[in-house]
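# Summary of structural features
The residues making up each chain are set out below.
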There are 2 protein chains.
Amino acid sequence: MLIALDAMGGDHAPEEPCKGAILACREKPHLSIALIGDSEKIRPFVEKAEKSVRSRLEIVHTTEVITGSDSPSLSIRRKKGSSLVLGFEMVRSKEADGIVSSGNTGAIAAGAVLLLGRIPGIDRPALGALLPVVNRKTILMDVGGTVHCKPINLMQFAQMGTIYMKLFIGVENPSVRLLCNGEEATKGDETIAAAREMIEKSSMNYQGYAEGKDIPAGISDVVICDGFTGNVLIKFAEGVGELLNSQFREEYTHHLLPKVGLFFMWPAMKRVMGRFDWEKYGGAPVLGVNGSVVKVHGRSRANAISHAITGAANFIERSGVDRIREAIESGIENGNN
Amino acid sequence: MLIALDAMGGDHAPEEPCKGAILACREKPHLSIALIGDSEKIRPFVEKAEKSVRSRLEIVHTTEVITGSDSPSLSIRRKKGSSLVLGFEMVRSKEADGIVSSGNTGAIAAGAVLLLGRIPGIDRPALGALLPVVNRKTILMDVGGTVHCKPINLMQFAQMGTIYMKLFIGVENPSVRLLCNGEEATKGDETIAAAREMIEKSSMNYQGYAEGKDIPAGISDVVICDGFTGNVLIKFAEGVGELLNSQFREEYTHHLLPKVGLFFMWPAMKRVMGRFDWEKYGGAPVLGVNGSVVKVHGRSRANAISHAITGAANFIERSGVDRIREAIESGIENGNN
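Residues numbered from 1 in each chain as written. Chains lettered and ligands numbered in written order. Predicted model: local features only at pLDDT ≥ 70, side-chain atom pairs only at ≥ 80, totals over all residues. Heavy atoms only, no water.

Residues and elements named next belong to chain A. Its domain assignment divides chain A into domain 1 (1-120 + 288-318) and domain 2 (123-283). The distance between the C-alpha centroids of domain 1 and domain 2 comes to 25 Å. Contact with domain 1, which involves 19 residues of that partner, is made by 16 residues of domain 2. Buried surface at the junction of domain 1 and domain 2, both sides included, amounts to about 1400 Å², of which 61% is carbon and sulfur. The interface formed by domain 1 and domain 2 contains two salt bridges. (Domains from an automatic or database assignment. Contact = heavy atoms within 4.5 Å. Buried area = accessible area lost by both parts, 1.4 Å probe. Salt bridge = Lys/Arg side-chain N within 4 Å of Asp/Glu carboxyl O.)

Structure representation (C-alpha cells):
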C-alpha cells in the first residue's frame, strides 16, 4: 500500500512529516510512503531512517506549495505542480492509495472533490474530527469541508458519520444528534429543522438536538453541524487546551505549593489534559470523496502525522470508500430499505 | 432604583433567585428588587432577609411561566401573565429600571424587542457574554439573541460591543474581530465578508478575523459572530469546564498520588478552573433594546444571579441604553464622523 504524504504542509515541514512517515512505516510493515516536496530538504530526513524503512520511502520532488491564504479551488486549478495537487493526482491515477496533508483545509476539501470526485449521491464532502469525550469517542462533522450546508448535506454527513463509527470505531448502532442552539425542537433554523426531518425519517439512530455543552459530556456517537460551526468549535477546543496548559505552567512557576502538588499530580493531569489535545488523535478524514484523504493539523508533530497515516491506511484496508458508496447506493441509512 | 427579577426562571427557582436578590440588595444600598413569581413559594425566602433588605424586596405574584420549549415570540404574545412578560411590562411602564431573568434565551430576546423595542437604528438585539480570557476580558456576541445574522447585524453588534467595553470595562479603544473559520481574508462566507467590509470602513478598531482558538488566547476585546455560533460556543465552553471538573474529581477519588497532589494544588487549580466557570461572571446583557436586560444562565446560583443584578444596576447607573443610542445616532462608530 502506498500513501502520498504532502511533506511541505504544516508549520514543521518537512521535518515532522518526514519523521511521522518513518514512524508509520515502522508500525505498518506493508506500508510505503511517497513524500512529496522539496527533495533537497526531505532527503536528509529520509537518509536517517533504518534500511527497512528507507526502502519504503520515495521522494516526489516539487517546490510549489499551496499556502493558507490561497483561494481553495483556484489554487487546486492553478498550482498543478504543488505538493497537494501532485498527491491527489497520484491517488486519482491509482498510483497511491490515499493521501495525508496538513495543508489548507479548504484546498484539501476542494482538491478531494475536484481531483478525486465525490461518491455518487454525496453532494458535499465533510471533515470528521474524532473527539475523545466522556466514556466514548464522538465524531464531530463537518469541521471545515463545507462551510455552508443545505439540509441534504447535513443528512448525508449523518449517514457518513454513522458508517464511520460502525466501521472504524466498532459502534453497533451509532447514535446521531444535530448540533443546535437548544435542545427543544423549536430551536435552530429552517436548514436544521429540515435536516432533522430527513434524519428522523431515516433508519439512523437519531436522538435529537445536541447543545454545545453536550459534546464534551459524550452525549452521542455522531454530532452533525455545518463546516463553519464545526471549524470554530474544534479550534476553540484547541485554544482552551492551550490556555489550560499555559495557565497551569504559570501557576507552578510562580508558586511553591502548586509546584509540590504538581509533582504528585502530573500523571493525572496529563491524562485529563490529553483529552483536549486533539492533535494527538491523528487527523480528520475527508468523507464523501473517492479516496482515502486525511487532513492533519498544521501544527502536528511526527506522532500526530504518523497516527493520521496509519488512520488513512486503516480506511483503505477496510475499503472505507466502498462501504460509504454501498451504504449510500442501497439507501441503508436513509430509510429506503 | 428598582430591578424586576424573574424569580421563576432557571433550574433552582425560586430559591436561588431570591437568595441572589438578597445578596445584591446587601451590596447596593439604593437598590430595590421586584421578585416576580409565585408569592407563596417566594415569601419564605424573602422573610429570611434582614430588615434593611426585606424592606427593599417586593413580590409581584403570578404562577404563569414561559418554559424552554415555548416558542419565543408566541409565548411573549400569549403568556401575558408570565413572570417574564410581567417583568418586561414593569420596565416598559418605567415602574422598574431593568430586568434580570434566567429563562428561555429566545423568549428574553423576543420579549425585549416586542415589549421594550429596539434602539432606533438597531436592527436586531445581541446577547453579549463576557469571558475572562488571558490578560483581558473579551465580549463574545451574539450568544443567542439573533440566530441568523445579516452583515448589518454583525456590524451593529461590533458597535455595541465596542461601546460596552469602553463604558463598562474601561477599555479605551476596544479591538474588534469577526469570528471566522480561518484568519485569511479568503475565509468565511458572503455575510462575513460583507460585515468585514462595513466594519473596516468604520472608525472601529477592527483587527481582522479571529479563529476559535484565538478567543481563549485573548486576541481581542470584542469578538463578533451570529447567535447560533456564539450560543453553541459558549455552551461548549461550559461543557469543557464540567468535563475538566468531573475528570479531576475522578482522578483524585481513585488514585492516591493525585489526592496528595491536589491538596497542595487546590488553590491554583481553582484559579485556573475559575476561568471556565462562565456562570460566575454574572449574566449576558441584551444589547440594542430600550432597557437594561440581563439574561443569566439557567443553572445559576445565588452568587451569579446577584452579579447579574448588580451588572444590570451598573448599566442603568451609567445610562447604557442612552450611550448606545447616542453612539448609533451620531454614527461615531460607523465612520460617519
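Attention now moves to the sheet that holds strand β6 (residues 136-141) of chain B. Residue and element names in this part refer to chain B. With mixed pairing, 11 strands are arranged side by side in an open sheet as β3-β2-β1-β4-β11-β10-β5-β6-β9-β7-β8. Looking at the sheet topology across the chains shown, the edges are occupied by β3 (57-61) and β8 (205-210). This sheet shows a mean twist of 25 degrees between the axes of neighbouring strands, independent of strand direction. Across three bridges, the pairing between strand β7 (residues 175-179) and strand β9 (residues 222-224) is parallel. Directly across from Leu178, in β9, lies its bridge partner Ile224. Relative to strand β11 (residues 292-295), helix α6 (residues 105-116) is tilted by about 170 degrees, and along the sheet it contacts β4 (98-101), β5 (126-133), β10 (284-287) and β11. Set on the sheet, helix α8 (residues 190-201) makes contact with β7 and β8; between it and β8 the angle comes to about 160 degrees. (Pairing = 2+ DSSP bridges. Helix = DSSP H or I, 4+ residues; strand = E, 2+ residues; numbered from the N terminus. Axes fitted to C-alpha atoms, helices over the stretch in contact; angles between N-to-C directions.)

Residues and elements named next belong to chain A. Within the structure shown, the criterion is met by six aromatic pairs over all chains. Measuring from ring centre to ring centre gives 4.9 Å for Tyr164 and Phe168, while their planes differ by 35 degrees; the resulting arrangement is tilted. Within this pair, Tyr164 and its partner Phe168 are both found in helix α7 (residues 151-168), separated by four residues, close to a single helical turn. Take Tyr164: its relative accessible area is 14%, and that puts it in the buried class. Taking the relative accessible area as the measure of exposure, Phe168 reaches 17% and is therefore buried. On the numbers, 6.5 Å between centres and 25 degrees between planes, the contact of Tyr164 with Phe315 is stacked. With Tyr164 in helix α7 and Phe315 in helix α11 (residues 302-317), this residue pair connects regions lying 151 residues apart in the sequence. Across the pair, Phe315 and Tyr164 agree in class, each one buried. Through successive ring pairs, a cluster of aromatic residues spans Tyr164, Phe168 and Phe315. (Phe/Tyr/Trp six-rings, centres within 6.5 Å; stacked < 30°, edge-to-face > 60°. Buried < 20%, exposed > 50% of the residue type's maximum accessible area, 1.4 Å probe, protein only.)

All right, on to the pattern of salt bridges then. Residue and element names in this part refer to chain B. Within this structure, the stated rule accounts for 29 salt bridges over all chains. A salt bridge links Asp221 to Arg136; the shortest N-O distance between them is 2.9 Å. With Asp221 in the loop between β8 and β9 and Arg136 in strand β6, this pair connects stretches of sequence that are 85 residues apart. Among the residues examined, Asp221 registers a relative accessible area of 7% and is labelled buried. A salt bridge links Glu242 to Arg299; its shortest N-O distance comes to 2.8 Å.

So, on to the sheet that holds strand β5 (residues 126-133) of chain A. Residue and element names in this part refer to chain A. Strand order in the open sheet made by the 11 strands is β3-β2-β1-β4-β11-β10-β5-β6-β9-β7-β8, with mixed pairing throughout. Looking at the sheet topology across the chains shown, the edges are occupied by β3 (57-61) and β8 (205-210). Along the sheet, successive strands turn relative to each other by an average axial angle of 25 degrees, direction set aside. Note that strand β6 (residues 136-141) and strand β9 (residues 222-224) share three bridges and pair parallel.

A separate point is the packing of α7(A) against helix α12 (residues 320-330) of chain A. Residues and elements named next belong to chain A. At their nearest, the axes of α7 and α12 sit 10 Å apart, and the two run at 130 degrees to each other. When the axis of α7 is compared with that of α12, the two are oblique. By crossing handedness, the relation of α7 to α12 is classed as right-handed. Residues Gln159, Met160, Ile163, Leu167 and Phe168 of α7 form the contact with α12, whose participating residues are Gly320, Arg323, Ile324, Ala327 and Ile328. (Parallel < 35°, antiparallel > 145°, perpendicular 65-115°, else oblique. Left-handed = near helix turned anticlockwise from the far one by under 90°.)

Residues and elements named next belong to chain B. Their axes nearest at 10 Å, the elements helix α5 (residues 83-92) and α6 cross at an angle of 35 degrees. α5 and α6 meet at a crossing whose hand is right-handed. Contacts between α5 and α6 involve Leu84, Val85, Phe88, Glu89, Val91 and Arg92 on the former and, on the latter, Ala107, Ile108, Gly111, Ala112, Leu114, Leu115 and Leu116. Partitioning the contact of α5 with α6 into residue classes produces 10 nonpolar, one polar and two charged. (Nonpolar A, V, L, I, M, F, W, Y, C, P; charged D, E, K, R; others polar.)

Residue and element names in this part refer to chain A. As for its position among the elements, Asp142 is in the loop between β6 and α7. One buried charged residue, Asp142, forms no salt bridge at all, with the nearest opposite charge on Arg124 at 7.0 Å. For Asp142, the side chain forms a polar contact with the main-chain nitrogen of Leu127, separated by 2.7 Å. A polar contact is formed between the side chain of Asp142 and the backbone nitrogen of Gly144, at a distance of 3.0 Å. If near-sequence neighbours (up to four positions away) are discounted, Asp142 is found in contact with Pro125, Ala126, Leu127, Phe157, Cys225, Asp226, Gly227, Gly230 and Asn231. (Lys, Arg positive; Asp, Glu negative; His and termini not counted. Polar contact = N/O pair within 3.5 Å; in protein donor to acceptor, adjacent residues only side chain to side chain.)

Another aspect to go through is the pairing of strand β11 (residues 292-295) of chain A. All names here are of chain A. Burial of the side chains of β11 extends over both faces: Ser292 and Val294 are buried on one face and Val293 and Lys295 on the other. In this sheet, β11 lies alongside strand β4 (residues 98-101) in parallel orientation, the contact comprising four bridges. Looking across to β11, one finds that Gly98 is bridged to Ser292. Note that strand β10 (residues 284-287) and β11 share three bridges and pair antiparallel. In the strand pairing of β11, Pro285 is matched with Val294.

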